[in-house]
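Here's the letter readout for the chains.
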Amino acid sequence: MRLHLSGALAFLFALAGCTPPPPSAYVGGGTAQSVAQVSIGNNSVGEACTQQADASQGADIFCGTWVQPSARVRAGGAASAATLRQLATTSPWRTALDLRFACGDAAATTILGGEQALVMQCTRRVGGWPHVAMVALVGGNAWYADGVLPVLPAMERSIGVLSGRMKADAVPPTSAADALLADRLAAKAFGSSDIGLYEQLIEAGTRANLADDPVRAEGAYRQALAVQEKALGRDNPNTATPITFLALQLSNQGRYSEADLLFSRAQPLVVAAADPVAAARLLHYRGLHALNQGHYAEALALLTQAETSYARVVPPESLRARPSTGGSRFARAGTAALADLMPNQQLLTDPAARSALFGLVEVRRYRSVALRLLGRDAESDDALRSANDLARANGLSQPLLTARLFRTGAMTAASQGRPDAAVDELARSTQAFSRALPDSKPLANTQLLRARLLAHTGDDTAALAQCRAGVQLLTTLKSGTDPDLIAGCLDVYAAAAAQAKEGGQALLAEMFAASQVAQGGITSQQIAQATARLGENARDPRVAQAIRTRQDASATLADLFRQKDDLLQGQTSGSNAKAPDTTEIDKKIADAQVALADADAALQAASPNYGQLVQQAVPASAVQAALRPDEAFAAMTLTADGGWVFMVRSDRLAVARIDGGLPRMAQLVKRIRASIENENGEPPRFDTRAAHELYVATLGGVAGALEGATSLTVAPAGPLLSLPFEVLLTADASSDDLTRAPWLLRKYTLAHVPSASNFVSLRKVAAGSRGTRTWFGFGDFRPVTLAQAQRSFQGQACGDSARLFATLPPLPFARRELEAARLLLGAAPSDELLGNDFTAKAVQKAQLKNYRVLQFATHALLPAELRCQAEPAIVTSAPDGAPDASGALLTASQVAGLDLDADLVILSACNSGGPGGTTAGESLSGLARSFFYAGARALMVTHWAVNDQTAAYLVADTLRRLRENPAMGIAAALRDAQLGMLDDAGHGLNAAVAHPFYWAPFALIGEGGRRAGGAAS
């Protein structure tokens, strides 16, 4: 089973790095007791500062909105000019200072009108913020002070007040120290509030990490990075930490290429970072990035390097420490004092040492994971034992760390055939997670793991209880999980249902709900958001507009962040590379963040229950309520080695196992598509055996539950999304007589949706368009010239893309297809953009919200086909006189920006449904997703390069049938057109059109029920 990586390690580093040292770490020691609080003026950036004195003649200085002290001043006792430098370089104060800051040489200066002082320019090891430290001699006594750089003036005044040299409200004497640091103060225009905001954002990212919410963590870390870059500069080495945190969040979302860019940006920065664990952390997180991608050998190598790098920072005594005998296998959280729990006292005062120790434990634990996944069980056990011994020996008993060690130990025991031991370890892990992260996704995932192992040991009752607890928690959190984690629970529910009375319908309904926590792809989320908007539009258009504004603001900000990452990519190519100017895009990002905050507030005011409108999981009863008696709904979930199909009827629920899981489904889909896709003018021989095997594997086990149904909506999973179910065969057939083959199409009207929740939400808004116009069409593009294409796709690497784009063939039947559709639906001649008028900008400018049916008859290009085009796009004509081809592509992001309220969008283009044969659950292309986001209820998409003539025929015939009988719905009209082509093959049409290449390229995605076509009349 693939281990799910949450990226929650940031918590350990934040815990180690942000926890202030105990009072004993500072000169004066003891617990500060407030005896006076006075204003001491402003710091160098104008923030008001107050001094809070304590009983030991010292004080903490607070400036701006930061809740932590901006500076600390401590009395040092009697001293002389001769001992001043010794105090600044070798005193206990300096030793404690060096643990938290990297400081330069002490420079002689004066403060308070001539008092001797030594000043050191420092950098905070955690966060990289500029710092200043000072030892001053005032009235025969030494004063120690350190604080963030802008607080230097307030720090001097505090020494003057505490020493009796001046009153708090007096005009301060002249200071040479201010002049000494003037250049640095001018270059680093930040305040204590900036540091406070940075730490708040890092903490927010940490909390999101712990909740396994990488999207929310990404947002927090991006903002933290922006704050730090604004204050310290984009090239500051200390920005490596938030960059590294951010990169791992992108990896945890499966955005691996974006993560690679950020890891590359961090690489040259960590070398000069003040944080001594920055380089080790980068190796560590790159190792987790490799684990996320299934590159286990690479992950092991990186984690091994990280282990060596962390060990250089950990105190030797901690490395040599050995756990005491007896007690728990793993460290337990107790009530002992911190000093008792950490035998090495340096760990109490040295945040870098603590951070490195945490990192070393976690790296050893993840090395155990990688070794287990590589089949090296004995080494895996040794690595885990080493991690545990290091934690126990050094008193690391935090419940979070303990929970992870127990869970890793459980998986190791399970892989070694010791299920009872694994169950015991997971029970302890569950208890620890309940303390560290109650009501969290990591706790729910651990409960699911425990349920699977309990079932393996035969304790079905306990397994069912753990499944219910884990699924309920994930449902409450509105969070999904890995399909492989939920797979064991689906088996548990199925077994319990088989033993229950009356067919176990209640348990099957629980099983159906549980299966949905393994879903939640991008398309499903965007349909959920769009249908919430469309539903509110029918009730209150102002609420719908607020929803759309918020969604657009979020999309704009995400796109700007991606643009900035792309812009900075060149900066990592070498030290001589000129740093790109990000001033303009940084301003756009700042404006977009303000716009998003405003949109959030407006949406909350307009629709406080918006979160409830966007459903990601629905109960079986909701699907049943949406079904008519002659309709059926089939949902599928796949794992690495199996899967289940759920057949929902209005009055009952049936399930069956899918054997072979993702690998077998991918192989069958690949075989079928290979026998359809046409590269040489004639389609290959159709693989009837694979088409029948796929039917048996997916729907065969629940075929009995389809009795009486005439309509079937399918929610496929993984590779099944890249194939129209119409081409499945319900029985054996000969590829020599495809006209009479038992296609699934002959039994049922078919539609496809990404998830059950989409079926329910789309059914609610079916035929609900407020548009008053019937149809608008686009097509008959004019190819760009090679010169135009080469200007858009420059360089040798993009030469193939330029040539492919310039040689796209015209589509002579596109104009006929659109003209036929226009006449059939009674649209005006002005309701189309054709030929030279069909440009990307013209589509964006068109007011399309008033049209119920939109039709695109042109080429579509996916990044896999046009390597140098980052987004899927619809091919249009270039504007007149255009110097390049950029205006001849309507990209997915531009489509998402359209404002639609359409019952149907027809994409009569090549591969508009997405690439085929992949095992990913998001086969629908970004193009199709974008139309759903823009406001489409249903799409007719193509799954392979279509024949221009037959595609025109199919679309025109579908719309003709829909016009003649609007109540039949879009899916039924498409089915009748496809059956008409099949039946006419060899009888008026060429017999070759019985091949699915000709009649089956279109699939209906979304709402295709009988009411959906009514508005098209």
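Let me begin by describing the structure that accompanies this report.

Calculation notes
Residues numbered from 1 in each chain as written. Predicted model: local features only at pLDDT ≥ 70, side-chain atom pairs only at ≥ 80, totals over all residues. Heavy atoms only, no water. Helix = DSSP H or I, 4+ residues; strand = E, 2+ residues; numbered from the N terminus. Buried < 20%, exposed > 50% of the residue type's maximum accessible area, 1.4 Å probe, protein only. Contact = heavy atoms within 4.5 Å. Areas by Shrake-Rupley, 256 points an atom, 1.4 Å probe, with all protein chains shown as cover. Core = buried A, V, L, I, M, F, W, Y, C linked by side-chain atoms within 4.5 Å. Pairing = 2+ DSSP bridges. Disulfide = S-S within 2.5 Å.

1. So, the overall build of the protein chain
And then number 1: Looking only at helices and strands, the protein chain has 40 helices and 23 strands in total.
And then number 2: Expressed as a percentage of its 1017 residues, the buried residues of the protein chain come to 58%.
And then number 3: Put simply, of all contacts in the protein chain between residues at least 6 apart along the chain, 70% involve residues at least 24 apart.
And then number 4: Approximately 38,600 Å² of the protein chain is accessible, and the part contributed by carbon and sulfur atoms is 51%.

2. Details of the nonpolar core
And then number 1: Formed by 129 residues in total, the largest nonpolar core has its most connected members in Leu699, Leu712, Trp743 and Phe805.
And then number 2: Per-element accounting of this core gives the leading share, nine residues, to helix H39 (residues 970–984).
And then number 3: When near neighbours in sequence (up to four residues on either side) are disregarded, tryptophan 743 contacts Phe686, Glu726, Val727, Leu728, Leu729, Leu738, Leu982, Ala994, Pro996 and Trp999.
And then number 4: Membership of the second largest hydrophobic core comes to 90 residues, among which are Ala136, Trp143, Ile243 and Val363.

3. Thoughts on the sheet that holds strand E18 (residues 860–861)
And then number 1: Strand order across the open sheet formed by three strands is E18-E19-E20, with antiparallel pairing between neighbours. A single partner strand is all that each edge strand has here, and the edge strands are E18 and strand E20 (889–891).
And then number 2: Alignment of E18 against strand E19 (residues 873–875), held across two bridges, turns out to be antiparallel. Residue pairing for E19: alanine 860 is matched across the bridge by isoleucine 874.

4. Some details on unusual backbone geometry
Apart from glycine, the bulk of residues carry a negative phi angle, and the bulk of peptide bonds sit in the trans form.
And then number 1: Positive phi outside glycine occurs at leucine 112, with the angle close to 55°.
And then number 2: For leucine 112, a relative accessible area of 2% puts it in the buried group.
And then number 3: You will see that aspartate 780, though not glycine, has its phi angle at about 55°, which is positive.
And then number 4: Structurally, the position occupied by aspartate 780 is in the loop between strand E15 (773–779) and helix H32 (786–792).

5. As for the state of the cysteines
And then number 1: For the coordinates displayed, the defined rule picks out three disulfides.
And then number 2: Disulfide pairing places cysteine 49 opposite cysteine 63 at an S-S distance of 2.0 Å. Sign of the S-S torsion, about 115° for the bond between cysteine 49 and cysteine 63, identifies this disulfide as right-handed. Of this pair, cysteine 49 sits in strand E2 (residues 48–54) while cysteine 63 sits in strand E3 (residues 59–63); the two residues are 14 residues apart in sequence, bridging distant segments of the chain.

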